[in-house]
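Topology and contacts: notes
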Amino acid sequence: MLEGGAVLLFSALPFLLTNAETSVVCAAGLDGSAKNISLDPVTHQCKGSSLTGAELETMIGLLKRFASCATTLVEGLFPAYAEGLSCARTSFRPVEIADRRTSWRQDDKRLHVDAFPSRPMQGRRILRVFTNIDPDGAPRRWRIGPTFEAYAQQFLPSLPRANPGKTWLLEHLGLTKGRRSRYDEIMLFLHDAAKRDLDWQRGTPADDVKFGSGCTWIVFTDQVPHAAIAGRNALEQTFYIDPAVLARPETAPLAILGRLCGTVMTTSKGLTA
Ligand SMILES: [Fe+2]
């Protein structure tokens, strides 16, 4: 179901905070450098937070604890993923989404599937675990839908040709971590085309879903069109999944795009779709 595009909802799976963590969650603000507070899984550096000293250390501890719990949850639910699972950034999203003003490309209130401009996925999947920890109980509201196939079919007719010179240059200037594959180019194009098209944003069918405080949900955000339209104080853990460990690779965006584009797309490990 997850690989088919479902959002798995655990309506009573809270992430319990200590009193000190609750105080820090209530006090946490952004330093203006990023839209979230996040922890690098390798360096354990925390960026985006205006917290300092002991409060910052408490926030880092909270993020590490959430990363550990989310990993246990995913490995427990999907044992077959364990071999191909890598733990990416952990984030805390303190700001009320409804009030946030951003550029259209960064506006996550618009339906989109996730694609990273500077980090080519080359066919690896983006799986995310979210938990709403708002101390006042405010729900997090998403719009979800349509299917990935409908989303892709809407915008693929205006897909530009591949641009190998540009992807080479971006890599050699250090603007991308590795080379963008054709898959990455298409996923970024779809992300931007969807967010730019306000008529499609208004007209496309999507469900309005509320994730209450104490909810946890898991979703392949590179596959399920989603928009976060309201809410604050959510935790999120990103995982990259090697396509070799998927149970139903034919449902992945790589396979769907290969079919719709009538082309063979390769992953970083040479698997084809
Ligand atoms: Fe997203």
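This text goes with the structure placed above it.
Some thoughts on the sheet that holds strand β6 (residues 140–144)
- Pairing in this open sheet of three strands is antiparallel, and the strands run β7-β6-β9 from one edge to the other. Strands at the two margins of the open sheet, each flanked by one partner only, are β7 (207–211) and β9 (226–230). Averaged over all neighbouring strand pairs, the angle between strand axes comes to 30°, with direction disregarded.

Considerations on the environment of A138
- Inspection of the secondary structure puts A138 in the loop between β5 (125–132) and β6.
- With relative accessibility at 15%, the residue A138 sits in the buried group.

Describing the nonpolar core
- Residues Y81, F92, L127 and I241 are the most contacted members of the largest nonpolar core, which totals 31 residues.
- Put simply, the parts of the chain that give this core at least two residues each are α1 (19–27), β2 (37–39), α2 (53–77), β4 (85–93), β5, β8 (216–220) and β10 (234–241).
- In terms of residue count, α2 provides more of this core than any other element does, seven residues in total.
- Aside from chain neighbours lying at most four places away, what touches F92 is V25, A28, N36, I37, M59, L63, I133, N233, A234 and L235.
- Residues L156, M187, I229 and L257 belong to the second largest nonpolar core, which totals 23 residues.

Quick notes on the rules
Residue positions are counted from 1 within each chain, in the order its sequence is given. Totals for whole chains, interfaces and linings use all residues, but because this is a predicted model, local features are given only for residues with pLDDT of at least 70 and pairs of side-chain atoms are given and counted only at 80 or more. Based on all heavy atoms of the structure, the side-chain values leave hydrogens and waters out of the count. Pairs of strands are assigned from DSSP output, requiring at least two bridges between the strands. We count a stretch as a helix when DSSP gives it H or I for four or more residues in a row; a strand needs E for two or more, and each element gets its number in order from the N terminus. Geometry is summarised by axes, namely lines fitted to C-alpha atoms with helices restricted to the contacting stretch, and by angles between N-to-C directions that run from 0 to 180 degrees. Note on exposure labels: buried denotes an accessible area under 20% of the residue type's maximum, exposed denotes more than 50%, and partly exposed covers the range between, all computed with a 1.4 Å probe on protein chains only. Residues belong to one nonpolar core when they are buried, are Ala, Val, Leu, Ile, Met, Phe, Trp, Tyr or Cys, and are joined through side-chain atoms within 4.5 Å. Two residues qualify as a contact provided that any one of their heavy atoms is within 4.5 Å of a heavy atom in the partner residue.

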